[in-house]
Amino acid sequence: MDERAALALIDETLPAAGDDAAVVDSLVVTTDMLHETTDFPGGTTRYTAGWRAVGASLSDVAAMGARATAAVAVYAAPEFDPDDLAAFLRGARDVCADVGAEYVGGDLDGHEEFTVATTAIGETDAPVRRSGATPGEALCVTGTLGRSAAAVRLFPDAPDRANDLFRFSPRVDAGLAVAPHAGAMMDSSDGLARSLHQLAEASDCGFRVDGDALPVDDAVREVAADGDPTDLAVTFGEDFELVFTTDDPGAVAAATSTPVSVVGDVVERDEGVSLDGEALPDRGFTHN
């Protein structure tokens, strides 16, 4: 069973599990697990790991259009080095402070590799689902695409810059601004291409993407000198930007200081998901 099949099984068994996060009354709850071998390339500092691990869960809160309130984490490692642990805690606290939330602790465990399991909570009375996209709406993304792809390629030779790229800002404020105007929304942790296929399935629609409108991060163009920067930015994933639909992109742009790009539009389901008139494959980040 691959990850997509496992998620489908969970969805069938636990319908309350929700989209990017579960919603219980007005409480939004989400959890993530990251491993050293799959999520933290060599050269990732413990500060960056704390920021990124907790930030991943805060991004899920943002994707529901919720206000983030707190986060906890399970820190597991072969040994508890005091400097590593202190750096991790600073990163976790700083990313929470970045979005107006609080890091309130967690648990410790011994494990054969450095592993972090994080949980974040937030609040909203009007969560934004993946299922509300309507043909005719604009398709938008926040920020730039491909920071993580560039970071992974930079880690061996430029770890300082790579760590900087890996420390993304969860789009909590942008999610709050987008929510009143959004038809559907999720974060791009699996990549834009896969996110669009997931939104299309949930909303029974299609998407038409304009490649020239995609906000590809400058760092991607540097590391993809011998390849296609757009493909890398669209399929690598782990960017944690917001992908959403709206019938009023101007109102969204006016409501948030986060850059917002209109990259396409919502179309009928039988038109599929396309990039510059060609079918966009369902490719992106997977956990197995």
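What counts and how
Residues numbered from 1 in each chain as written. Predicted model: local features only at pLDDT ≥ 70, side-chain atom pairs only at ≥ 80, totals over all residues. Heavy atoms only, no water. Helix = DSSP H or I, 4+ residues; strand = E, 2+ residues; numbered from the N terminus. Buried < 20%, exposed > 50% of the residue type's maximum accessible area, 1.4 Å probe, protein only. Contact = heavy atoms within 4.5 Å. Salt bridge = Lys/Arg side-chain N within 4 Å of Asp/Glu carboxyl O. Domains from an automatic or database assignment. Buried area = accessible area lost by both parts, 1.4 Å probe. Core = buried A, V, L, I, M, F, W, Y, C linked by side-chain atoms within 4.5 Å. Pairing = 2+ DSSP bridges. Axes fitted to C-alpha atoms, helices over the stretch in contact; angles between N-to-C directions. Patch = residues over 30% accessible without salt bridge, like charges linked within 9 Å, V, L, I, M, F, W, Y side chains within 5 Å. Areas by Shrake-Rupley, 256 points an atom, 1.4 Å probe, with all protein chains shown as cover. Lys, Arg positive; Asp, Glu negative; His and termini not counted. Charge placed at Lys NZ, Arg CZ, Asp CG, Glu CD. Polar contact = N/O pair within 3.5 Å; in protein donor to acceptor, adjacent residues only side chain to side chain.

Visitor: Give me the environment of Thr 235: which residues, what numbers.
Guide: Locating Thr 235 in the fold gives a position in helix α10 (residues 229-235). Owing to a relative accessible area of 11%, Thr 235 belongs among the buried residues under this scheme. The spatial distance from the C-alpha of Thr 235 to the C-alpha of Leu 192 is 6.3 Å, given a sequence separation of 43 residues. When near neighbours in sequence (up to four residues on either side) are disregarded, Thr 235 contacts Asp 190, Ala 193, Arg 283, Gly 284 and Phe 285.

Visitor: Please set out the pattern of salt bridges residue by residue, giving values where relevant.
Guide: One pass over the structure, following the stated rule, counts nine salt bridges. In this structure, the salt-bridge partner of Asp 282 is Arg 194, at a minimum N-O distance of 2.9 Å. Of the two residues, Asp 282 is situated in the segment after β12 (278-279) and Arg 194 in helix α8 (residues 192-203); the sequence distance between them amounts to 88 residues. Residue classification places Arg 194 among the buried residues on the basis of a relative accessible area of 9%.

Visitor: Tell me about the domain arrangement of the protein chain, and please be specific about residues and values.
Guide: How big an interface is tends to be expressed through the accessible area that disappears when the partners come together. You can read the domains of the protein chain as domain 1 (3-123) and domain 2 (138-279). Averaged C-alpha coordinates put domain 1 and domain 2 at centres separated by 21 Å. Listed as interface residues are 27 residues of domain 1 and, on the opposing side, 24 residues of domain 2. Of the roughly 2200 Å² buried between domain 1 and domain 2, counting both surfaces, carbon and sulfur atoms make up 56%.

Visitor: Now, about the nonpolar core: what can you tell me, with residues and values included?
Guide: Ranked by size, the top nonpolar core spans 42 residues in total, and within it Val 54, Leu 58, Tyr 103 and Phe 114 carry the most contacts. Split by domain, the residues of this core number at least three in each of domain 1 (3-123) and domain 2 (138-279). With residues up to four places along the chain from it excluded, the contact list for Phe 114 reads Leu 34, His 35, Glu 36, Phe 40, Arg 46, Ala 49, Tyr 75, Ala 76, Ala 77, Pro 78 and Phe 88.

Visitor: Which residues make up the sheet that holds strand β5 (residues 115-123), and what values go with them?
Guide: Ordered in space as β1-β2-β5-β3-β4, the five strands form an open sheet in which the pairing is mixed. Taken across any chain shown, the strands that pair with only one partner, and hence form the sheet edges, are β1 (22-24) and β4 (102-110). Between one strand axis and the next, the sheet turns by 20° as a mean value, whatever way the strands run. Here strand β2 (residues 27-35) runs beside β5; their pairing, made up of nine bridges, is antiparallel. Its bridge partner being in β5, Asp 32 is matched across the sheet by Thr 118. Those strands touched by helix α4 (residues 82-98) are β3 (67-77), β4 and β5, and its axis lies near 150° from that of β4.

Visitor: Tell me about a negative patch on the surface, and please be specific about residues and values.
Guide: Among the surface-exposed residues, Asp 210, Asp 212, Asp 276 and Glu 278 lie close enough to one another that they form a single negatively charged patch. Residue position: Asp 276 is located in the loop between β11 (273-275) and β12.

Visitor: Account for the side chain of Ser 57, with residues named and values stated.
Guide: By the element assignment, Ser 57 lies in helix α3 (residues 46-63). Given the relative accessible area of 1%, Ser 57 is considered buried. A distance of 2.7 Å separates a polar atom in the side chain of Ser 57 from a polar atom in the side chain of Asp 32. Filtering out sequence-adjacent residues up to four positions away, Ser 57 remains in contact with Thr 30, Thr 31, Asp 32, Thr 118, Thr 119 and Ala 120.

Visitor: Help me get a handle on the sheet that holds strand β7 (residues 182-187), residues and values and all.
Guide: Neighbouring strands of a sheet are bound in pairs by backbone hydrogen bonds; such pairs are parallel or else antiparallel. Here seven strands make up an open sheet; going across it, the order is β7-β9-β6-β10-β8-β11-β12 and the pairing mixed. Strands with a single pairing partner mark the edges of an open sheet, and in this sheet they are β7 and β12. Pairing of strand β6 (residues 138-142) with strand β9 (residues 242-246), which is carried by four bridges, proceeds in the antiparallel orientation. Bridging from a neighbouring strand, Ala 138 pairs with Thr 246 of β9.

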